[in-house]
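# Structural overview
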Amino acid sequence: PARLRGERVETIGISLDRDTLATSAEGSLRLPMELAAGIAYAPSNALQFAVDTRYEPWGSQFESDFVLGGFVPGGNDDLQDRWRVGGGLEWRPAGTRRRAPYLSRVAYRLGGYIDQGYLAPTGSSLTTYAATVGLSLPALIPTASFDLNLEVGQRGDAEGLLVRDTFLKASATINFGERWFLRRRID
């Protein structure tokens, strides 16, 4: 956890001649500690499974002397403990063989996660369910790759005053990296 101290001064206007209100307050925030753990299992050079989890006790350990969006000191707030569980698998048909045909050196990935957010407006938790797929295309540089990822999921609940959000996220990344702690082998 971390404790931050600060001063809050409210102003009116956005130009150089903005007016400072008579209210200013000093106080502190206590941010909760985040716990995360993961495990991976590789039964062969071609296949790997991974699971990870994360826990952040916002509802039980967050403290603030300031009024923030979703939080009122000593009052009823919209914060809850956040948790996330995710998992996936990666299959690379050629394993670690660098001289294999190109398509067999591509890494194919499939995964998913469940994430309960730390905000709970109107007492309902905002939970996200998502599935992910991806490809890691090897580059000419042995430790570099071009990654294409797609994520599709749903967040929230359509009950009461809330909105259910369906999302699609695509990304492309260029990775330059080194392989540490691996013994060099001749193909």
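The following refers to the structure shown.

Rules of the game
Residues numbered from 1 in each chain as written. Predicted model: local features only at pLDDT ≥ 70, side-chain atom pairs only at ≥ 80, totals over all residues. Heavy atoms only, no water. Helix = DSSP H or I, 4+ residues; strand = E, 2+ residues; numbered from the N terminus. Buried < 20%, exposed > 50% of the residue type's maximum accessible area, 1.4 Å probe, protein only. Contact = heavy atoms within 4.5 Å. Phe/Tyr/Trp six-rings, centres within 6.5 Å; stacked < 30°, edge-to-face > 60°. Lys NZ or Arg CZ within 6 Å of the ring centre and 35° of its normal. Patch = residues over 30% accessible without salt bridge, like charges linked within 9 Å, V, L, I, M, F, W, Y side chains within 5 Å. Areas by Shrake-Rupley, 256 points an atom, 1.4 Å probe, with all protein chains shown as cover. Salt bridge = Lys/Arg side-chain N within 4 Å of Asp/Glu carboxyl O. Pairing = 2+ DSSP bridges. Axes fitted to C-alpha atoms, helices over the stretch in contact; angles between N-to-C directions. Polar contact = N/O pair within 3.5 Å; in protein donor to acceptor, adjacent residues only side chain to side chain.

## Observations concerning the environment of arginine 30
- For arginine 30, the location among the structural elements is in strand E2 (residues 19-31).
- Given the relative accessible area of 22%, arginine 30 is considered partly exposed.
- Remark: the alpha-carbon pair of arginine 30 and glutamate 63, spanning 33 residues in sequence, is separated by 4.9 Å.
- In contact with arginine 30, other than residues within four places in its own chain, are Pro1, Ala2, Arg3, Gln61, Phe62 and Glu63.

## As for the packing of aromatic side chains
- Taken as a whole, this structure holds three aromatic pairs when the rule is applied.
- Here tryptophan 91 and tyrosine 108 contribute two aromatic rings whose centre-to-centre distance is 5.9 Å and whose plane-to-plane angle is 35°, an arrangement assigned as tilted. Residue tryptophan 91 is found in strand E6 (residues 82-91), and its partner tyrosine 108 is found in strand E7 (residues 107-116); the two are separated by 17 residues along the sequence.
- By relative accessible area, which is 43% here, tryptophan 91 ends up partly exposed.
- When its relative accessible area of 29% is taken as the criterion, tyrosine 108 is described as partly exposed.
- Grouping aromatic residues by their ring pairs yields a cluster made of Trp58, Phe62 and Tyr118.
- Looking at arginine 84, its charged tip hangs above the ring of tyrosine 113, at a distance of 3.9 Å from the centre.

## Some remarks on a nonpolar patch on the surface
- On the surface, Met33, Leu35, Ile39, Val51, Tyr55, Trp83, Val85, Ile114 and Tyr129 cluster together into a nonpolar patch covering about 820 Å² of accessible area.
- Secondary-structure elements contributing two or more residues to the nonpolar patch are strand E3 (35-41), strand E4 (47-56) and E6.
- In this structure, valine 85 sits in strand E6.
- Its relative accessible area of 39% is what places valine 85 among the partly exposed residues.

## With respect to the environment of aspartate 165
- Within the element layout of this structure, aspartate 165 appears in strand E10 (residues 165-176).
- Spatially, the C-alpha atom of aspartate 165 lies 5.0 Å from that of arginine 155, the residues being ten residues apart in sequence.
- Not counting the four nearest positions on each side in its chain, aspartate 165 is found in contact with Gly153, Gln154 and Arg155.

## Comments concerning the sheet that holds strand E8 (residues 127-138)
- The sheet built from seven strands is open, its strands ordered E3-E4-E6-E7-E8-E9-E10 with antiparallel pairing. Two strands in the sheet have a free side with no partner beyond their single neighbour: E3 and E10. Neighbouring strand axes in the sheet, compared pairwise and without regard to direction, differ in orientation by 15° on average.
- Pairing between strand E9 (residues 144-155) and E10: twelve bridges, direction antiparallel. Across the sheet, valine 152 pairs through a bridge with leucine 168, a residue of E10.

## Overview of the side chain of glutamate 56
- When you line up the elements, glutamate 56 lands in strand E4.
- Among the polar contacts listed, one links the side chain of glutamate 56 to the side chain of tryptophan 58, at a separation of 2.9 Å.

## Here's the deal with the pattern of salt bridges
- Going through the model one piece at a time under the given rule, you end up with ten salt bridges.
- Across the pair arginine 3 and glutamate 63 runs a salt bridge, and its minimum N-O distance is 3.4 Å. Of this pair, arginine 3 sits in strand E1 (residues 2-12) while glutamate 63 sits in strand E5 (residues 63-64), and the two are 60 residues apart along the sequence.
- The class for glutamate 63 is partly exposed, based on a relative accessible area of 40%.
- Among the charged side chains, a salt-bridge network with shared partners connects Glu56, Arg82, Arg84 and Asp115.

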